[in-house]
Amino acid sequence: MSTETLLRDLREQLGDGGLHGCLLVRDLHTGDELGIDPDTQLPSASLVKVPLALATAERVRRGELDGATLLDVPPGRITTPGPTGLSRFRHPARIAIEDLLYLSTCVSDGTAADALFDLTPPAQVAEILQELGLRGITVRHGMRELTETPVERFDAEQVHLAHALAIDAGTSGRGHRVPQLDTTRANTGSARAWVDLLQALWTPSKIHPDVALHVRDLMAHNVLRHRLAPDFSSDATTWSSKTGTLLNLRHEVGIVEHSDGQAFAIAVLTESLVPASTQPGADALMAQVARTLRDHLRQL
């Protein structure tokens, strides 16, 4: 099958599955890549925790922060489905910065991430990205804003209404009545920008090797493995990644490393057109399309 035919078929599969997808797969050794709308900017949701981890680890390396410093973190006390870790705690906790990094990146704990954002505000995270030559990812706010969406205002049996609003309230210019989905106000990035970040973490770049190793180790221990991991994990591969979920957004970015030495950076950003919070079929479709792109690129 030609590449053009494959991409057309995959676009149709995504559409039939109720997804608008922006994807990019890149061979880290050759630079060859395949994608679908890879330059479209979408809100990042929890993907922003990767730049946050990078900026925090870099500040520890510079001596501006001490990873062993203990912080008193107030409980998130969130009761709606989704948030993890400290976000669901009922009582204060004292936790070291490096352990907050683990919770933020590996468990996708928003309260842990906000404790780190209090140390390194969004503007400073963005500044560090610029210093490291990383473009295309905007960091404008912390995670508290992501817990103040229409979902929190509806009863559980009415959550579909929040998803319907997310689907229908956007504009052609990617503005949105829900601020967390408005690309002029939210944290954003394109599939290409996320792949560029992954490549900078996995291959020599302006990122210090010790910092890159730290972030790679965090992503290797991501415990959320329901989305792309089933299609990229085996005895002959390792999958290191970060997921992002917000209303109708389902994302994952990661690196698959094969035992033969090949490595591919993968970014899958999607918007669901189906007003439902639980869509295992969408997760499976994302993985299937991403793996098809990787398989085709691997055979070129």
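See above for the structure.
Quick look at the structure, then. Note that this is a predicted model, so its numbers are computed, not measured.

Along the backbone of the protein chain there are ten helices and ten strands. Relative to the compact-globule value of 19 Å for 300 residues, the protein chain shows a C-alpha radius of gyration of 18 Å, a close match. A buried classification covers 53% of the 300 residues belonging to the protein chain. Pairs at least 24 residues apart make up 66% of the contacts formed inside the protein chain by residues separated by at least 6 positions. When the accessible surface of the protein chain is totalled, it reaches about 13000 Å², and 51% of it is carbon and sulfur. Each charge class in the protein chain can be summarised by its mean position, and for the 28 positive and 38 negative side chains these summaries are 3 Å apart.

We now examine the sheet that holds strand 3 (residues 42-43). Pairing in this open sheet of three strands is antiparallel, and the strands run 3-7-6 from one edge to the other. The two strands at the open ends of the sheet, each matched to only one other strand, are strand 3 and strand 6 (137-138). In terms of strand pairing, strand 3 meets strand 7 (residues 188-189) through two bridges, oriented antiparallel. Bridging from a neighbouring strand, L42 pairs with G189 of strand 7.

Within the largest apolar cluster, 65 residues are counted, with the highest numbers of intra-cluster contacts made by L54, L100, L201 and I207. It is helix 7 (residues 191-202) that provides the largest number of residues to this core, a total of nine residues. Non-local contacts of I207, meaning those with residues more than four positions away in its chain, are made with L54, L132, L134, A200, L201 and A212. Counting residues in hydrophobic clusters, the runner-up holds 25 residues, among them L6, F232, L285 and L297.

A separate point is the packing of helix 3 (residues 97-106) against helix 4 (residues 110-119). Where helix 3 meets helix 4, the closest approach of the two axes is 8 Å, and the angle between their N-to-C directions is 130°. Accordingly, the angle class assigned to the pair helix 3 and helix 4 is oblique. You can see that helix 3 and helix 4 cross each other, and the crossing is left-handed. Listed contacts from helix 4 to I97, L100, L101, L103 and S104 of helix 3 are A112, A113, A115, L116 and L119.

Following the sequence through the fold, H296 ends up in helix 10 (residues 280-299). Accessibility expressed as a relative area gives 13% for H296, which makes it buried. Polar contacts involving the side chain of H296 include one to the side chain of T3, which spans 3.0 Å. Setting aside residues up to four positions removed in sequence, H296 forms contacts with M1, S2, T3, L6 and L34.

Once that is clear, we can look at helix 10. A rise of 1.5 Å per residue sets the reference length of helix 10, with its 20 residues, at 28 Å; its end C-alpha atoms lie 29 Å apart and thus fit the reference within 8%. A282, D283, L285, M286, A287, V289, A290, L293, R294, H296 and L297 are the residues of helix 10 that are buried. Against the buried residues of helix 10 lie helix 1 (3-16), strand 1 (19-27), strand 2 (33-36), helix 9 (229-232), strand 9 (249-258) and strand 10 (263-272).

Strand 10 sits mainly inside the fold: ten of its ten residues count as buried. The two faces of strand 10 match: A263, A265, A267, L269 and E271 on one face and F264, I266, V268, T270 and S272 on the other face are all buried. For strand 1 and strand 10, the ladder comprises nine bridges, and the chain directions are antiparallel. In the sheet register, G21 faces strand 10, and the bridge partner there is T270.

On to the packing of helix 2 (residues 49-62) against helix 7, then. Relative orientation and spacing of two packed helices are given, respectively, by the angle between their axes and the distance between those axes. Viewed as axis vectors pointing N to C, helix 2 and helix 7 meet at an angle of 35°, and their least axial separation amounts to 11 Å. Taken as a pair, helix 2 and helix 7 cross one another with a handedness that is left-handed. Packed against helix 2, whose contacting residues are V50, P51 and L54, the element helix 7 presents W194, L197 and L201 at the interface. Considered class by class, the residues forming the contact of helix 2 with helix 7 number six nonpolar, no polar and no charged.

Moving on, we come to the sheet that holds strand 8 (residues 237-246). Strands sit in the order 2-1-10-9-8 across an open sheet of five strands; the sheet is antiparallel. One side of each edge strand has no neighbouring strand; the edge strands of this open sheet are strand 2 and strand 8. Taken pair by pair, the neighbouring strands of this sheet meet at an average axis angle of 10°, ignoring direction. Note that strand 8 and strand 9 share ten bridges and pair antiparallel. Across the sheet, residue T238 finds its bridge partner in strand 9, namely E257.

Consecutive side chains along a regular strand alternate between the two faces of the sheet. Because side chains alternate across strand 2, one face comprises the buried residues L34 and I36, and the other comprises E33 and G35, none of which is buried. With four bridges connecting them, strand 1 and strand 2 associate as antiparallel partners. Paired with L23 across the strands is I36, a residue of strand 2. Taking the residues between adjacent antiparallel strands as the criterion, strand 1 and strand 2 are bridged by five residues, where G31 takes a positive phi near 85°.

Cut-offs applied
Residues numbered from 1 in each chain as written. Predicted model: local features only at pLDDT ≥ 70, side-chain atom pairs only at ≥ 80, totals over all residues. Heavy atoms only, no water. Helix = DSSP H or I, 4+ residues; strand = E, 2+ residues; numbered from the N terminus. Rg over C-alpha atoms; globule rule 2.2 N^0.38 Å. Buried < 20%, exposed > 50% of the residue type's maximum accessible area, 1.4 Å probe, protein only. Contact = heavy atoms within 4.5 Å. Areas by Shrake-Rupley, 256 points an atom, 1.4 Å probe, with all protein chains shown as cover. Lys, Arg positive; Asp, Glu negative; His and termini not counted. Charge placed at Lys NZ, Arg CZ, Asp CG, Glu CD. Pairing = 2+ DSSP bridges. Core = buried A, V, L, I, M, F, W, Y, C linked by side-chain atoms within 4.5 Å. Axes fitted to C-alpha atoms, helices over the stretch in contact; angles between N-to-C directions. Parallel < 35°, antiparallel > 145°, perpendicular 65-115°, else oblique. Left-handed = near helix turned anticlockwise from the far one by under 90°. Polar contact = N/O pair within 3.5 Å; in protein donor to acceptor, adjacent residues only side chain to side chain. Expected span 1.5 Å × (residues − 1). Nonpolar A, V, L, I, M, F, W, Y, C, P; charged D, E, K, R; others polar.

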